[in-house]
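What the coordinates show
Each chain, written out:
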Amino acid sequence: MNIKAKIEKTGSLLTSIGVTLPIFKTALAAGISWWLATLFLPHFFPYLAPLAAVLVSNATAAESLEKAKNRISGVIGGVMLSILIAHWIPVSGVAVFLSVLIGLALATLLKLNQEIANQIGVSVIMVLAFINSPGYEWARILETIFGSIIAIFINVILIPPKTLSSKIKKMHRMKRKKRSLITDSPHG
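The structure contained in this document is the topic of the report that follows. Values in this document were obtained by computation on a predicted structure and should not be read as measured data.

Focus on the overall build of the protein chain
Helix and strand counts for the protein chain come out as 8 helices and 0 strands. The order of helices and strands in the protein chain, counted from the N terminus, is α-α-α-α-α-α-α-α. Of the roughly 11,900 Å² of accessible surface on the protein chain, 73% is carried by carbon and sulfur atoms.

Put into structure tokens, the structure is as follows:
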């Protein structure tokens, strides 16, 4: 049995037990994100990178890029807002209420995507919860970016979605056809 047949057989087996290509890519992005976060980012919050990778992984590259943009924007907005609120109000139910209220109201006022608004809400709560953990707010931003980049890399570069690989194959066929037309022409 050749390598291609073995890969197809393994793929069929994995699919039969629920491990599809998108699931595999998401899990791979999460694992690599955790590993690289512990290796390159000097803090104690490696779970944020794989969390971002799982939330950003999608079937298409465009969806992954859009989710990454929304998640990163919301996280940055939520972190900035929670730092501002925590500067003026001690961490409490009132601080959480005001942070979420102001964050969601601003997102609505600015007509931001619902994903961005949700990330603002989640981020203000998380930052306020970990306000006594030095560097958490910056770790949240960095690891969100880090995990998002890993997820996009896995989705687009390492294991391209079928639509991308089919487009690449179509381009190669067109190039071959063009070459054959040139070489078959009376002037070629």
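What follows continues from the structure just given.
Overview of the packing of helix 5 (residues 93-109) against helix 6 (residues 114-129)
The contact between helix 5 and helix 6 brings their axes to 9 Å, and the two run at 160°. As far as their axial angle goes, helix 6 and helix 5 are roughly antiparallel. Viewed along their axes, helix 5 and helix 6 form a crossing whose handedness is right-handed. Along its contact with helix 5, which presents Ala95, Val96, Ser99, Val100, Gly103, Leu104 and Ala107, the element helix 6 presents Ala117, Ile120, Gly121, Val124, Ile125 and Leu128. When its residues are assigned to classes, the contact of helix 5 with helix 6 shows 10 nonpolar, 3 polar and no charged.

Focus on the nonpolar core
What tends to happen in soluble globular proteins is that the nonpolar side chains get buried as a cluster. Among the nonpolar cores identified, the biggest contains 13 residues, and Ala29, Ala37, Val56, Phe146, Ile150 and Ala151 are the most heavily contacted of them. If you tally residues by element for this core, the top one is helix 7 (residues 136-158), at 5 residues. Counting 8 residues, the second largest nonpolar core, distinct from the first, contains Phe45, Val79, Val127 and Tyr136.

Description of unusual backbone geometry
Here the phi dihedral of Lys111 falls at roughly 55°; this positive angle occurs in a residue that is not glycine. Assignment of secondary structure puts Lys111 in the loop between helix 5 and helix 6. With a relative accessible area of 75%, Lys111 lands in the exposed category.

Describing the packing of helix 2 (residues 21-40) against helix 3 (residues 48-56)
Contact geometry for helix 2 and helix 3: axes closest at 7 Å, N-to-C directions at 160°. As the angle between them shows, helix 2 and helix 3 are arranged roughly antiparallel. Our pair here, helix 2 against helix 3, has a crossing hand that is right-handed. Where helix 2 approaches helix 3, its residues Thr26, Ala29, Ala30, Ser33, Trp34 and Ala37 are matched on the opposing element by Ala49, Pro50, Ala53 and Val54. Taken together, the residues of the contact of helix 2 with helix 3 sort by class into 8 nonpolar, 2 polar and no charged.

Rules used throughout
- Residues numbered from 1 in each chain as written.
- Predicted model: local features only at pLDDT ≥ 70, side-chain atom pairs only at ≥ 80, totals over all residues.
- Heavy atoms only, no water.
- Helix = DSSP H or I, 4+ residues; strand = E, 2+ residues; numbered from the N terminus.
- Areas by Shrake-Rupley, 256 points an atom, 1.4 Å probe, with all protein chains shown as cover.
- Axes fitted to C-alpha atoms, helices over the stretch in contact; angles between N-to-C directions.
- Parallel < 35°, antiparallel > 145°, perpendicular 65-115°, else oblique.
- Left-handed = near helix turned anticlockwise from the far one by under 90°.
- Contact = heavy atoms within 4.5 Å.
- Nonpolar A, V, L, I, M, F, W, Y, C, P; charged D, E, K, R; others polar.
- Core = buried A, V, L, I, M, F, W, Y, C linked by side-chain atoms within 4.5 Å.
- Buried < 20%, exposed > 50% of the residue type's maximum accessible area, 1.4 Å probe, protein only.

Fair warning: the whole summary comes from geometry, so function is off the table for now.
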